[in-house]
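These are the residues of each chain, in order.
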Amino acid sequence: MFFYLSNLFNFINQIYFIFHFVCVTAVMDTAAGPSLYPLHHSKTIHLVRHAQGVHNVEGEKDHDAYLSYDYFDANLTPLGWKQVENLQKHVKANELPRKIELVVVSPLLRTMQTAVGVFGGEAYPDGISEPPLMVENVGHSDHHAVSSLNCPPFLAVELCREQMGLHPCDKRRTVSEYRHMFPGIDFSLIETDEDTWWKPEREKKEEVTGRGLKFLEWLCTRKEKEIAVVTHSSFLFNTLSAFGNDCHPNIKTEMCKHFANCELRSMVIVDKGMIGSTNNSTTNYPGKIPHGLDLPSDATD
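Structure report, in brief. (Residues numbered from 1 in each chain as written. Predicted model: local features only at pLDDT ≥ 70, side-chain atom pairs only at ≥ 80, totals over all residues. Heavy atoms only, no water.)

## Examining the sheet that holds strand β2 (residues 102–105)
Under the convention used in this document: Strands pair, by our definition, only if DSSP identifies at least two bridges between them. Strands here mean DSSP runs of E at least two residues long; helices mean DSSP runs of H or I at least four residues long; both are numbered from the N terminus. Should any heavy atoms of two residues lie within 4.5 Å, those residues are counted as being in contact. Axes here mean lines fitted to C-alpha atoms, for a helix over just the part in contact, with angles spanning 0 to 180 degrees between N-to-C directions.
Spatial ordering of the open sheet is given by β4-β3-β2-β5-β1-β6, a layout of six strands whose pairing is mixed. If you trace the sheet from one side to the other, it starts and ends with β4 (185–186) and β6 (264–270), each paired once. Sheet analysis places β2 next to strand β3 (residues 154–156), joined by three bridges and oriented parallel. Bridge assignment links Val105 to a residue of β3, and that residue is Ala156. Strands β1 (42–49), β5 (226–231) and β6 of the sheet are contacted by helix α7 (residues 233–240), whose axis makes an angle of about 140 degrees with β1.

Take a look at the structure:
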């Protein structure tokens, strides 16, 4: 009888230990504490909202101004260009241009102006005739041309456009027009010359969130490890609001609050579902060479 009770007691202890371990592990994975992920299954993304556009100024005075075709595909204001200049100085001071491998931009005038102004290249020395990222005076801005020298590639992607429909400021021009204005931006991923995405009805917020999640999945498939994304307020807010529920409330607030004009936030995107990442790491090292039995003492069983 004593032997039976002793075995039963040991069995109960083992069950309790397993249950306790599973519970603690579950709490560690979901609580607002540290999380660990392999580096090569993640990317650094620098999210930027465009600088002040003419529609922002008029929309703050009267919200109905967003319905006006006077602000079709709105361009930057003079203050917006000053905001671009300030962000460019910050970006250079933090040496981001040498780290960023790709600039992804929404194909609207204000975002592309912001993107090339912030992440564009150096002035052309004599004898260099590369096509510029942006020609001079785009959007009647009286702004000089922007060089494509010594800067990352720029790629226009429709998935990161602003909440679409109803507001003409969020309707794009033809790709043919943009190629003339921004010779150094790659528009090859845009399937139609005309804007077939914009509709008379306003896109629902949950549709914007869904589109944003598809965009992040697409980013995971890219080979680049550090990417800048220049996009829009509503797109950023509705996309990021889907995240941070497993974090401290202050981090959730930091992630999801509305972006100011020309604000930059750097974040890490983790490919938990192996959507696009591989098992190849440039920094991991396999250890013992030649290969052989090298188990730690607590793993020999």
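## Re helix α3 (residues 78–93)
Spelled out, the test is: The length a helix should cover is 1.5 Å for every residue beyond the first. Throughout this description, buried means an accessible area under 20% of the type-specific maximum (1.4 Å probe, protein chains only), exposed means over 50%, and partly exposed covers the range between. For this quantity, the arc is that covered by the directions from the helix axis to the C-beta atoms.
Compared with the 22 Å implied by 1.5 Å per residue over 16 residues, the 23 Å span of α3 between its first and last C-alpha is a close match. Within α3 the residues assigned to the buried category are Gly80, Trp81, Gln83, Val84, Leu87 and Val91. Summarising the axial view, the buried residues of α3 lie within an arc of 150 degrees, below the 170-degree limit, and thus occupy one face. Residues of α3 that are exposed and angled more than 90 degrees away from the buried face: Pro78 and Ala93. Residues of α3 that are buried in the fold lie against β1, α4 (109–119) and β6. Phi turns positive, to about 55 degrees, at Glu95, one or two residues after α3.

## A closer look at the packing of α3 against α4
For any two helices packed against each other, the geometry is given by the interaxial angle and the distance between the axes. Our working definition: By convention, the crossing between two helices is left-handed when the near helix turns anticlockwise from the far helix through less than a right angle, and right-handed when the turn is clockwise. Residues are sorted three ways: Asp, Glu, Lys and Arg are charged, Ala, Val, Leu, Ile, Met, Phe, Trp, Tyr, Cys and Pro are nonpolar, and all the rest, Gly among them, are polar.
Relative orientation of the contacting elements α3 and α4 amounts to 40 degrees, with a least axis distance of 8 Å. Crossing angle aside, the handedness with which α3 passes α4 is right-handed. Judged by residue contacts, Trp81, Val84, Leu87, Gln88 and Val91 of α3 engage Gln113, Thr114, Gly117, Val118 and Phe119 from α4. Class assignment for the residues of the contact of α3 with α4 results in six nonpolar, four polar and no charged.

## So, the packing of aromatic side chains
As a reminder, the rule being used: Pairing of aromatic rings covers Phe, Tyr and Trp, the last counted by its six-membered ring, and requires centre-to-centre distances within 6.5 Å; plane angles under 30 degrees mean stacked, over 60 mean edge-to-face, and any other angle means tilted. Whether a charge lies above a ring is judged from NZ of Lys or CZ of Arg, which has to be within 6 Å of the ring centre and within 35 degrees of the ring normal.
For the coordinates displayed, the defined rule picks out three aromatic pairs. Aromatic side chains Tyr178 and Phe187 sit 6.2 Å apart centroid to centroid with 10 degrees between the ring planes, which places their arrangement in the stacked category. Residue Tyr178 shares its accessibility class with Phe187, and that shared class is buried. Taken together through their ring pairs, the aromatic side chains of Phe215, Trp218 and Phe235 make up a single cluster. Its end group placed over the ring of Phe259, Arg265 keeps NZ or CZ at 3.7 Å from the ring centre.

## Quick look at unusual backbone geometry
Phi at His140 is positive, roughly 50 degrees, even though this residue is not glycine. Looking at the element boundaries, His140 is found in the loop between α4 and β3.

## Describing the nonpolar core
Going by this rule: Residues belong to one nonpolar core when they are buried, are Ala, Val, Leu, Ile, Met, Phe, Trp, Tyr or Cys, and are joined through side-chain atoms within 4.5 Å.
In terms of nonpolar packing, the biggest core is built from 36 residues, with Val103, Val116, Phe119, Phe154, Phe182, Ile185 and Phe187 touching the most fellow members. At six residues, α4 tops the list of elements feeding residues into this core. Every residue in contact with Phe119, bar those within four places of it in the chain, is listed here: Val48, Val91, Ile100, Val103, Cys151, Pro152, Phe154, Ala228, Val230 and Leu264. Listed in part, the 22 residues of the second largest apolar core include Leu47, Val208, Phe215 and Cys256.

## Things to note about the pairing of β5
In terms of burial, β5 is a largely internal element, six of the six residues being buried. Residue alternation in β5 divides its side chains into two sets, Glu226, Ala228 and Val230 and Ile227, Val229 and Thr231, and both sets are buried. Two strands pair when backbone bridges link them, and β1 and β5 are joined in this way by six bridges, in the parallel orientation. Note that in β5 the partner of Ile45 across the bridge is Ile227. Pairing geometry for β2 and β5, over four bridges, is parallel. Within β5, the position partnered with Val103 by the bridge is Ala228.

Spatial relationships are all this shows, so hold off on functional conclusions.
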